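Letter by letter, the chains look like this.
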Amino acid sequence: MAFMVLFPLFWTLLNAFKQNVDILTRTPKFIFTPVLDNIMFVLSRQSVLQALVNSLIICLASVLIGVALGLPAAYAIARYPNRITDELQFFVLSLRFLPPVAVAIPLMVIWLNLGLFDTRLAMIVTYSLLTISITIWLSVPGFQQVPKEIEEAARMDGYGAYAVFFRIALPVAARTLLGAIAFSFVLIWNEFLIALMLTTSDARTLPIVASEMSQLGMDVPWGILNAAVILLSIPPLLLLGLLSGFMNSVFSRKKK
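Computed from a prediction, not measured in an experiment: that's the story for all the values here.

**Some details on the overall build of the protein chain**
Thought 1: Along the protein chain, the regular secondary structure elements total 13 helices and zero strands.
Thought 2: Sequence-ordered secondary structure for the protein chain, helices as α and strands as β, is α-α-α-α-α-α-α-α-α-α-α-α-α.
Thought 3: Across its three principal directions, the C-alpha atoms of the protein chain cover 70 × 55 × 30 Å.
Thought 4: Here the protein chain, with 256 residues, has 39% of them falling under the buried criterion.
Thought 5: Across the protein chain, the fraction of contacts at a sequence separation of at least 24, relative to all contacts at a separation of at least 6, is 75%.
Thought 6: Carbon and sulfur atoms make up 71% of the accessible area of the protein chain, which totals about 14800 Å².
Thought 7: One way to put it: in the protein chain the 17 positive side-chain charges average out to a point 8 Å from where the 13 negative ones average out.

Printed below as a string of structure tokens:
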């Protein structure tokens, strides 16, 4: 299973340093003369750098909003279950059932009427709807696993509701919550259809610009496409690595 997952990534990385002649061969080449032309071509395009900045700003802002609003909502749903919270949880989950085009078309009309079409603000608000729902959906089980006895003991020690949430519930459920944050970031970072319909030039994200690489000519520039894929994959991998290191350090301290 590890080979099936990692080998396509490894092959994409190799192709990013190949010329088209080395890629379009019947016999795959593992030994070749590496070139940096594909990487330099991608990095030298102003549209790619602008899209990279747009993606970072939009994704980070959307995830922060999703965390700020989604985690308290998930805690309330987990700790105070009733008919309303059950319906709210189902509503949040049902948002994931909707096809993106069903959401993108009404939002496109709204942003056009407000004069915010093709802006970072419109993309952040739109993606925040997704990050909030994902954060709530994935964080509720994490808060449900926090023993109520710990929170009751904290209240007896004089902790208020906010102190119990920030100093008890969040640290105990940190592993699940960090996974929800990482999943939200990766999902938003790779989102394509909504960004395609809500942007034209100023707020284009990296997946949109990367898809345009295939329209550079009659012959598909496979090396450039692979280089764009590598560039697109680096930020989520860095985030996952940082979160993984943070979780390992936190739980190693707890064990000590």
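Okay, back to it.
**As for the environment of Ala203**
Thought 1: The topology assignment puts Ala203 in the loop between helix 11 (193-198) and helix 12 (206-212).
Thought 2: Relative accessible area serves as the criterion here: at 0%, Ala203 is assigned to the buried category.
Thought 3: Ala203 sits 83 residues away from Arg120 along the chain, and the two C-alpha atoms are 5.5 Å apart.
Thought 4: Apart from residues no more than four positions distant in its own chain, Ala203 is found in contact with Asn54, Ile58, Asp118, Thr119, Arg120 and Met123.

**Concerning helix 9 (residues 161-172)**
Thought 1: Between its terminal C-alpha atoms helix 9 stretches 16 Å, which fits the 16 Å expected from twelve residues at 1.5 Å a residue.
Thought 2: When we look at burial in helix 9, the residues that qualify are Val164, Phe165, Ile168, Ala169 and Leu170.

**Here we look at the nonpolar core**
Thought 1: One finds Val42, Val48, Met123, Tyr127, Leu206 and Met213 to be the most contacted residues of the largest nonpolar core, which totals 37 residues.
Thought 2: If you list the elements that add at least two residues to this core, you get helix 4 (46-79), helix 6 (100-114), helix 7 (120-144), helix 10 (174-189), helix 11, helix 12 and helix 13 (222-255).
Thought 3: Ranked by residues supplied to this core, first place goes to helix 13 with seven residues.
Thought 4: Residue contacts for Val42: discarding those within four places in its chain leaves Val48, Met213, Ile224, Ala227, Ala228 and Leu231.

**Quick look at the environment of Ala174**
Thought 1: Summarising the element assignment, Ala174 is placed in helix 10.
Thought 2: Classification of Ala174 as buried rests on a relative accessible area of 14%.
Thought 3: Each C-alpha atom, one on Ala174 and one on Ser139, is 9.6 Å from the other, the two residues being 35 residues apart in sequence.

**Comments concerning the packing of aromatic side chains**
Thought 1: Within this structure, the stated rule accounts for nine aromatic pairs.
Thought 2: Measuring from centroid to centroid gives 6.1 Å for Phe7 and Trp11, while their planes differ by 20°, and the two rings are stacked. Linking Phe7 with Trp11, this pair stays in helix 1 (residues 2-15), spanning four residues, or about one helical turn.
Thought 3: Accessibility expressed as a relative area gives 22% for Trp11, which makes it partly exposed.
Thought 4: Judged by centre distance (5.7 Å) and plane angle (20°), the ring pair of Phe185 and Trp189 falls under stacked. A residue pair is termed a helical-turn pair when its members lie 3 or 4 positions apart in one helix, as Phe185 and Trp189 do in helix 10 at four residues. The same class applies to Phe185 and to Trp189, which are both buried.

**A short note on the packing of helix 5 (residues 83-94) against helix 7**
Thought 1: For the pair helix 5 and helix 7, the least separation of the axes is 9 Å and the interaxial angle reads 125°. One way to sum up the angle between helix 5 and helix 7 is to call them oblique. Relative to helix 7, helix 5 is oriented so that their crossing is left-handed. Contact residues: Gln89, Val92 and Leu93 in helix 5; Ser133, Ile136, Trp137 and Val140 in helix 7.
Thought 2: Among the residues making up the contact of helix 5 with helix 7, the classes are represented as five nonpolar, two polar and no charged.

**Observations concerning a nonpolar patch on the surface**
Thought 1: A cluster of nonpolar residues, Met1, Phe3, Met4, Val5, Leu6, Phe7, Leu9, Phe10, Phe30 and Ile31, forms a patch on the protein surface that exposes about 1200 Å² of accessible area.
Thought 2: Checked against the element boundaries, Met4 lands in helix 1.

Rules of the game
- Residues numbered from 1 in each chain as written.
- Predicted model: local features only at pLDDT ≥ 70, side-chain atom pairs only at ≥ 80, totals over all residues.
- Heavy atoms only, no water.
- Helix = DSSP H or I, 4+ residues; strand = E, 2+ residues; numbered from the N terminus.
- Buried < 20%, exposed > 50% of the residue type's maximum accessible area, 1.4 Å probe, protein only.
- Contact = heavy atoms within 4.5 Å.
- Areas by Shrake-Rupley, 256 points an atom, 1.4 Å probe, with all protein chains shown as cover.
- Lys, Arg positive; Asp, Glu negative; His and termini not counted.
- Charge placed at Lys NZ, Arg CZ, Asp CG, Glu CD.
- Expected span 1.5 Å × (residues − 1).
- Core = buried A, V, L, I, M, F, W, Y, C linked by side-chain atoms within 4.5 Å.
- Phe/Tyr/Trp six-rings, centres within 6.5 Å; stacked < 30°, edge-to-face > 60°.
- Axes fitted to C-alpha atoms, helices over the stretch in contact; angles between N-to-C directions.
- Parallel < 35°, antiparallel > 145°, perpendicular 65-115°, else oblique.
- Left-handed = near helix turned anticlockwise from the far one by under 90°.
- Nonpolar A, V, L, I, M, F, W, Y, C, P; charged D, E, K, R; others polar.
- Patch = residues over 30% accessible without salt bridge, like charges linked within 9 Å, V, L, I, M, F, W, Y side chains within 5 Å.
- Salt bridge = Lys/Arg side-chain N within 4 Å of Asp/Glu carboxyl O.

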